[in-house]
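# Examination of the molecular architecture
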Amino acid sequence: MDAQVKISKGDVVDRLLAERKSVPGKRGSGQAPVNIALCKYWGKRDENINLPCTPSLSISLAEFGAKTDIEPVDSDRDVFILNGEVQDKASDAASRVVEYLDLFRTEQERFRVESVTNIPVAAGLASSASGFAALALALDDLFEWGLERRELSVLARLGSGSACRSLYGGFTEWLVGERSDGMDSFAVPIETVWEDLRIGLVEISSAPKAIGSRPAMSRTVATSQFYRCWAARVAEDMAEIRAAIASRDLERLGTASEGNALAMHATMLDSRPAILYWKPESVQAMQHVWHLRSAGVPIFFTMDAGPNLKLIFEEKHTALIESEFADVRVEAPFAKSIFNLF
Ligand code: PMV
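Below is a summary of the structure that appears in this document.

Reading guide: rules and limits
Residues numbered from 1 in each chain as written. Predicted model: local features only at pLDDT ≥ 70, side-chain atom pairs only at ≥ 80, totals over all residues. Heavy atoms only, no water. Helix = DSSP H or I, 4+ residues; strand = E, 2+ residues; numbered from the N terminus. Rg over C-alpha atoms; globule rule 2.2 N^0.38 Å. Buried < 20%, exposed > 50% of the residue type's maximum accessible area, 1.4 Å probe, protein only. Contact = heavy atoms within 4.5 Å. Salt bridge = Lys/Arg side-chain N within 4 Å of Asp/Glu carboxyl O. Core = buried A, V, L, I, M, F, W, Y, C linked by side-chain atoms within 4.5 Å.

## Notes on the overall build of the protein
- For the protein, the count of helices and strands is nine helices and 13 strands.
- For 342 residues, the compact-globule estimate of 2.2 N^0.38 gives 20 Å, and the protein sits close to it at 20 Å.
- Across its three principal directions, the C-alpha atoms of the protein cover 65 × 50 × 35 Å.
- The buried share among the 342 residues of the protein stands at 52%.
- When contacts within the protein are restricted to residue pairs at least 6 apart in sequence, those whose partners lie at least 24 apart make up 75%.

## Examining the pattern of salt bridges
- In total, this model carries 16 salt bridges according to the counting rule given.
- Between Asp102 and Arg105 there is a salt bridge, with its nearest N and O atoms 2.7 Å apart.
- Overall, Asp102 belongs to the partly exposed group, its relative accessible area being 45%.
- Judged by its relative accessible area of 12%, Arg105 falls in the buried class.
- Between Arg112 and Glu114 there is a salt bridge; the shortest N-O distance is 3.2 Å.
- Sharing partners across several salt bridges, the network here consists of Arg15, Arg179 and Asp181.

## Looking at the nonpolar core
- Formed by 85 residues in total, the largest nonpolar core has its most connected members in Tyr100 and Leu155.
- Those residues in contact with Tyr100 that lie beyond four places of it in its chain are Phe132, Leu135, Ala136, Leu139, Leu155, Ala156, Leu158 and Gly159.
- Counting 15 residues, the second-largest nonpolar core is a separate cluster that includes Val202, Ala285, Leu292 and Ile299.

See the structure below:
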């Protein structure tokens with residue numbers, strides 16, 4: 001039997017840019033939104049190049065995300081400035097950016113990357129997806145590669161899996177692909193506009209998590225027996241969510257999205273050792289959603305690798321949701337985007 005050839009991130013970049021190697025211009029810029037998965041990406045079939053075991057589907061927020069500027073510098077090291085603060089080169093954020101830049105440059109090139117996110121610290125949203133999508137766009141601008149969105153989606157995926165979905169506004173599907181080099185694993189937009197849809201951000205805690213999504217995914221895939229059911233769960237939920245979007249059926253969208261998030265957390269609970277991101281207040285908030293639903297209010301939640309809830313409902317229930325959840329931030333994903341992506 002042939003030994004499986006391991007594909008590196010550098011190989012993927014070579015495949016996309018072999019014909020386009022160019023010298024950097026003076027400056028490049030990119031901007032990209034935060035996305036929230038309705039059908040989750042959980043588990044990699046290739047950890048080197050972030051290839052997922054299953055497809056996933058998300059909604060981008062119109063008003064939260066990252067804007068990134070990049071320029072070459074005459075220095076022996078990169079500078080990464082996040083929201084006005086120079087990041088220590090040993091920090092996790094700076095090392096991820098430097099490692100990403102290494103994929104695209106010659107040995108001598110160094111860069112100054114300045115990224116501004118407008119994601120409220122208290123919203124309980126991860127910023128790495130919009131950050132890597134904005135950086136991929138900024139690099140495309142700087143080097144004038146002229147890549148297509150789906151090619152940039154592949155490049156963003158190399159920074160952080162879910163970043164591949166932040167190249168578009170609205171609903172987005174990340175195709176699982178089957179190639180070992182991942183060239184067919186990128187995100188595509190779903191053209192449905194659902195103006196009344198609302199996402200409510202309920203922050204339970206902004207404390208750093210005990211385990212990051214990368215090691216948590218890896219442990220789940222390696223040890224959870226429940227994970228063996230995950231692909232079938234996703235296949236059913238993807239079909240439901242696609243159909244719900246096409247018919248703008250909130251009940252159907254919410255039921256499948258909430259169930260999918262709970263199933264993802266169930267695979268983590270079955271990991272050895274178990275992974276549990278929820279706080280007592282997360283469970284209280286979930287129960288409050290169920291209580292409201294039993295009283296006839298169509299409201300659902302989803303949760304990622306953390307304790308915070310994202311509520312899914314329609315515009316007409318905004319006032320009620322705001323009165324029921326203290327400090328909820330309500331977002332209209334199809335409002336005019338500040339990201340020029342539609
Ligand atoms: O892209 P990562 O490594 O940050 O993983 C994201 C995982 C989830 O947020 C839990 C699910 C998802 O699809 O975004």
